[in-house]
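# Inside the fold
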Amino acid sequence: MLLGFDIGGTKCAVIIGRSEGDGPMEIIDKVAMPTTQPPYDMIEQLFAAAENLLAKNNLKNADLKGIGISCGGPLSSKKGLVLSPPNLPGWDNIPIVQMTEERFGRPALLQNDANACAVAEWKYGAGRGCENVIFLTFGTGMGAGLILNGQLYSGTSDFAGEVGHLRLSDMGPVGFGKAGSFEGGLVVAA
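First, a word on scope: everything that follows refers to the structure included in this document. (Residues numbered from 1 in each chain as written. Predicted model: local features only at pLDDT ≥ 70, side-chain atom pairs only at ≥ 80, totals over all residues. Heavy atoms only, no water.)

A separate point is the overall build of the protein chain. What the protein chain contains, in helices and strands, is four helices and twelve strands. Within the protein chain, the proportion of its 190 residues that are buried is 39%. Excluding contacts between residues fewer than 6 apart, the proportion of contacts in the protein chain whose partners are at least 24 apart in sequence is 48%. Carbon and sulfur atoms make up 57% of the accessible area of the protein chain, which totals about 10100 Å². (Helix = DSSP H or I, 4+ residues; strand = E, 2+ residues; numbered from the N terminus. Buried < 20%, exposed > 50% of the residue type's maximum accessible area, 1.4 Å probe, protein only. Contact = heavy atoms within 4.5 Å. Areas by Shrake-Rupley, 256 points an atom, 1.4 Å probe, with all protein chains shown as cover.)

As structure tokens, this is what we get:
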């Protein structure tokens, strides 16, 4: 069994899944909630929801092979930190992996949400069998996950594919404090 947390600017989700070999993930149970709380309150809400899902499905922490956490960037997958995503105000240097491992006693990994989606499509979905895949996200924020030459490419600082924060013009709509960014244009249009 696997446990997953998706942390987004608009909503968060918790999922329990099962994977057999190279086959697709089977979703056992899931729950979603709006991202309306300050960071540590939201994390507690996510953890409580996960514990409720585990209990509802007669599972214990020991039944979990591992835990995956996806979140919009910027983040450090190596250090397990959510750094300061513009779509998640106040989520500054949050040690989400450490907190998750302490709470559930199982290994956890953090990955940029677009990267996680790219890997899922590459392994189990439309990109299966391809050496190069791009996965674009257009949600609260904009991003891209890149599979290049048969492996995830996240760049030296996990910033590869952060397309929403590209500056398109010196003057233009302001998105998250940055004039002329691609996401800024979407914020004005929304």
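A few words now on the pairing of strand β2 (residues 11–18). Here six bridges tie strand β1 (residues 2–7) to β2, and the two strands are oriented antiparallel to one another. Following the sheet pairing, Leu3 is matched in β2 by Ile16. Taking the residues that link successive antiparallel strands as the turn, the β1-β2 hairpin has three residues. Pairing geometry for β2 and strand β3 (residues 26–34), over eight bridges, is antiparallel. Bridging across to β3, Lys11 finds its partner in Pro34. (Pairing = 2+ DSSP bridges.)

Attention now goes to the pairing of strand β9 (residues 142–148). The element β9 is largely enclosed, with a buried count of six among its seven residues. Bridge analysis of strand β8 (residues 133–138) against β9 gives six bridges, and the strand direction is antiparallel. Along β9, the bridge assignment pairs Ile134 with Leu146. Taken together, the three bridges between β9 and strand β10 (residues 151–153) define a ladder with antiparallel strand orientation. Bridge pairing in β10 places Ile147 opposite Leu152.

The next point concerns the sheet that holds β1. Overall, mixed pairing links the five strands, which are arranged β3-β2-β1-β4-β7 in an open sheet. The sheet is open, and its two borders are formed by β3 and β7 (108–112), each paired with just one other strand. Across the sheet, the axes of successive neighbouring strands diverge by a mean angle of 15 degrees, strand direction being ignored. Here β1 pairs with strand β4 (residues 66–71) via six bridges, running parallel. Bridge pairing in β4 links Asp6 to Ser70. Against the sheet, helix α1 (residues 39–56) touches β1, β2 and β3, its axis set at about 145 degrees to β3. Helix α2 (residues 96–104) contacts β1, β4 and β7 of the sheet and is inclined by roughly 150 degrees relative to β7. (Axes fitted to C-alpha atoms, helices over the stretch in contact; angles between N-to-C directions.)

Put simply, α1 and α2 touch, their axes get as near as 12 Å, and they point 35 degrees apart. Note on packing geometry: the crossing formed by α1 with α2 is right-handed. Along its contact with α1, which presents Tyr40, Ile43, Glu44, Phe47, Ala48, Ala50, Glu51 and Leu54, the element α2 presents Ile96, Met99, Thr100, Arg103 and Phe104. (Left-handed = near helix turned anticlockwise from the far one by under 90°.)

So, on to the side chain of Asp158. Within the secondary structure, Asp158 sits in the loop between β10 and β11 (174–175). Of the side chains with opposite charge, Lys78 lies nearest to the buried Asp158, which makes no salt bridge, at 5.0 Å. Side-chain polar atoms of Asp158 contact the backbone nitrogen of Ser77, separated by 2.6 Å. Not counting the four nearest positions on each side in its chain, Asp158 is found in contact with Leu75, Ser76, Ser77 and Lys78. (Lys, Arg positive; Asp, Glu negative; His and termini not counted. Salt bridge = Lys/Arg side-chain N within 4 Å of Asp/Glu carboxyl O. Polar contact = N/O pair within 3.5 Å; in protein donor to acceptor, adjacent residues only side chain to side chain.)

Take α1 next. Structurally, the α-helix is built with 3.6 residues per turn, so residues lying three or four positions apart point the same way. Here α1 spans 26 Å end to end across 18 residues, near enough to the 26 Å set by a 1.5 Å rise per residue. Along α1, the residues classified as buried are Pro39, Met42, Ile43, Leu46, Phe47, Ala49, Ala50, Leu53 and Leu54. Relative to the axis of α1, the buried residues are bounded by an arc of 160 degrees and lie together on one face. With respect to the buried face of α1, the exposed residues turned more than 90 degrees away are Asn52, Ala55 and Lys56. The first or second residue beyond α1 is Asn58, which carries a positive phi of 55 degrees. (Expected span 1.5 Å × (residues − 1). Arc of directions from axis to C-beta.)

With that settled, consider a nonpolar patch on the surface. Side chains of Ile134, Leu136 and Phe138 sit close together on the surface and give an oily, nonpolar patch of about 340 Å² of accessible area. Within the secondary structure, Leu136 is located in strand β8. (Patch = residues over 30% accessible without salt bridge, like charges linked within 9 Å, V, L, I, M, F, W, Y side chains within 5 Å.)

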